[in-house]
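# Chain and residue survey
Below, each chain spelled out in residue letters.
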Amino acid sequence: RALLRLRSQVEMAPKAKQDAKAQASKAAKAVKKGSFKRTRKPRYSVVFHRPKTLQRQRDPKYTRVSAATTQKMDSYSILKYPLTTESAMKKIEDNNTLVFIVDLKASKKQIKDAVSRMYDIQTKKVNTLIRPDGQKKAYVRLTADYDALDVANKIGVI
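Below is a short write-up of the structure. Residues take numbers from 1 onward in each chain, read along the sequence in its written order. For this predicted model, a pLDDT threshold of at least 70 governs which residues receive local features, and a threshold of 80 or more governs which side-chain atom pairs are given and counted, while totals over whole chains, interfaces and linings are taken from all residues. The side-chain quantities take in all heavy atoms of the structure and omit both hydrogens and water.

### Description of helix 3 (residues 86–95)
The periodicity of an α-helix, 3.6 residues per turn, causes residues three or four positions apart to be oriented the same way. How we decide: Using a 1.4 Å probe on the protein chains alone, a residue whose accessible area is under 20% of its type maximum counts as buried, one over 50% counts as exposed, and one in between counts as partly exposed. Under the scheme used here, helices are H or I runs from DSSP no shorter than 4 residues and strands are E runs no shorter than 2 residues, and both carry numbers assigned from the N terminus. To be clear, the arc concerns the directions from the helix axis to the C-beta atoms. By definition in these notes, contact holds between two residues if any of their heavy atoms fall within 4.5 Å.
If you check which residues of helix 3 are buried, you get Ala88, Met89 and Ile92. Here the buried residues of helix 3 occupy an arc of 100° about the axis, which is enough to place them on one side. In helix 3, the exposed positions angled more than 90 degrees off the buried face are occupied by Glu86, Lys90 and Asp94. Where the residues of helix 3 are buried, they touch strand 2 (97–102) and helix 5 (148–155).

If you want it as structure tokens, here you go:
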């Protein structure tokens, strides 16, 4: 048995030399290249909070919106009614301007579009103000092509 042990040690000797050479060349290569040194991440808290890494895809049981939303501000809800006061009539005759009570949330552009859509007229400009009673009044100035008196007659203001 001792002989067998000796023989295995003798046979292993050349292998050990090769391993040592390989190990040395590996170490030399690492020294030349500069081995990766792992740095420790600084911890700013004493307690460890497990990171939340699982991000599941949304899988709703039912749709949250049952029907598509309809546009709340159409031309009929923007223009409430035309004003027929004396001062409004004066504006119609003198300034070629129609006066409307409009929705409080309506913008000048929306008012302009609603007037052109409903009465087939072009507007030059729109002035708005909010009255003391909380309603919005719009002065719609028509272009020179259209006469406010004719349009007012068509609407039924006069």
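That covers the picture; the talk isn't over yet.
### Overview of helix 4 (residues 108–119)
Just so we agree on the cut-off: A helix's residues, less one, multiplied by 1.5 Å, set its expected span.
In this model, helix 4 (12 residues) spans 16 Å end to end at C-alpha, consistent with the 16 Å of a helix rising 1.5 Å per residue. The complete set of buried residues in helix 4 reads Ile111, Ala114, Val115 and Tyr119. What you see down the axis of helix 4 is that its buried residues fit within an arc of 100°, all on one side. Residues of helix 4 that are exposed and angled more than 90 degrees away from the buried face: Lys109 and Arg117. Its buried side turned inward, helix 4 meets helix 2 (75–78), strand 1 (79–82), strand 2, strand 3 (123–130), strand 4 (136–142) and helix 5. Immediately downstream of helix 4, the backbone of Asp120 shows phi near 55°, a positive value.

### Some words on the nonpolar core
Applicable threshold: Among the buried residues, those of types Ala, Val, Leu, Ile, Met, Phe, Trp, Tyr and Cys that are joined through side-chain atoms within 4.5 Å form a nonpolar core.
Counting 22 residues, the largest nonpolar core has Leu79, Leu98, Phe100, Ile111 and Val115 as the members making the most contacts within it. For this core, the secondary-structure elements that each account for two or more residues are helix 3, strand 2, helix 4, strand 4 and helix 5. Ranked by residue count, the leading element in this core is helix 4, at 4 residues.

### Focus on the pattern of salt bridges
We apply this condition: For this analysis, a salt bridge means a side-chain nitrogen from Lys or Arg found within 4 Å of a carboxyl oxygen belonging to Asp or Glu.
One pass over the structure, following the stated rule, counts 2 salt bridges. With a shortest N-O distance of 3.2 Å, Asp94 and Lys90 are connected by a salt bridge. Taken together, the residues Asp94 and Lys90, both in helix 3 and 4 residues apart, mark about one turn of the helix. For Arg131, the salt bridge goes to Asp133, with nearest N and O atoms at 2.9 Å.

### Points about unusual backbone geometry
Phi angles above zero are rare outside glycine, and Asn96 is one such case at about 55°. Relative to the helices and strands, Asn96 resides in the loop between helix 3 and strand 2. For Asn96, a relative accessible area of 15% gives the class buried. Even without glycine at this site, Asp120 takes up a positive phi of about 55°. As for its placement among the helices and strands, Asp120 is situated in the loop between helix 4 and strand 3.

### Structural notes on the packing of aromatic side chains
Two aromatic rings are characterised by how far apart their centres lie and by the angle between their planes. Defined as follows: The pairing test for Phe, Tyr and Trp rings, Trp by its six-membered ring, is centres within 6.5 Å, and the orientation test on the planes gives stacked under 30 degrees, edge-to-face over 60, and tilted for anything in between. Placement of a charge over a ring requires the Lys NZ or Arg CZ to be within 6 Å of the ring centre, with the centre-to-atom vector within 35 degrees of the ring normal.
One pass over the full model with this rule turns up 1 aromatic pair. Ring geometry for Phe100 against Tyr119: centres 5.9 Å apart, planes inclined by 15°, an arrangement best described as stacked. Highlighted residues: Phe100 in strand 2 and Tyr119 in helix 4, separated in sequence by 19 residues. For the pair Phe100 and Tyr119, one class covers both residues: buried. Geometry around Tyr139 places Lys91 over its ring, the cationic atom sitting 5.2 Å from the centre.

### Structural notes on the side chain of Lys136
Convention followed: None of His or the chain ends enter the tally, which takes Lys and Arg as positive and Asp and Glu as negative. Between N or O atoms, a polar contact is any pair within 3.5 Å; within protein, one atom must be a potential hydrogen donor and the other a potential acceptor, and residues adjacent in sequence are included only when both atoms are from side chains.
Tracing the chain through its elements places Lys136 in strand 4. Buried charged residue Lys136 carries no salt bridge. Nearest counter-charge: Asp103, at 7.4 Å. A polar contact of 3.3 Å, which involves the side chain of Lys136, links it to the backbone oxygen of Leu104.

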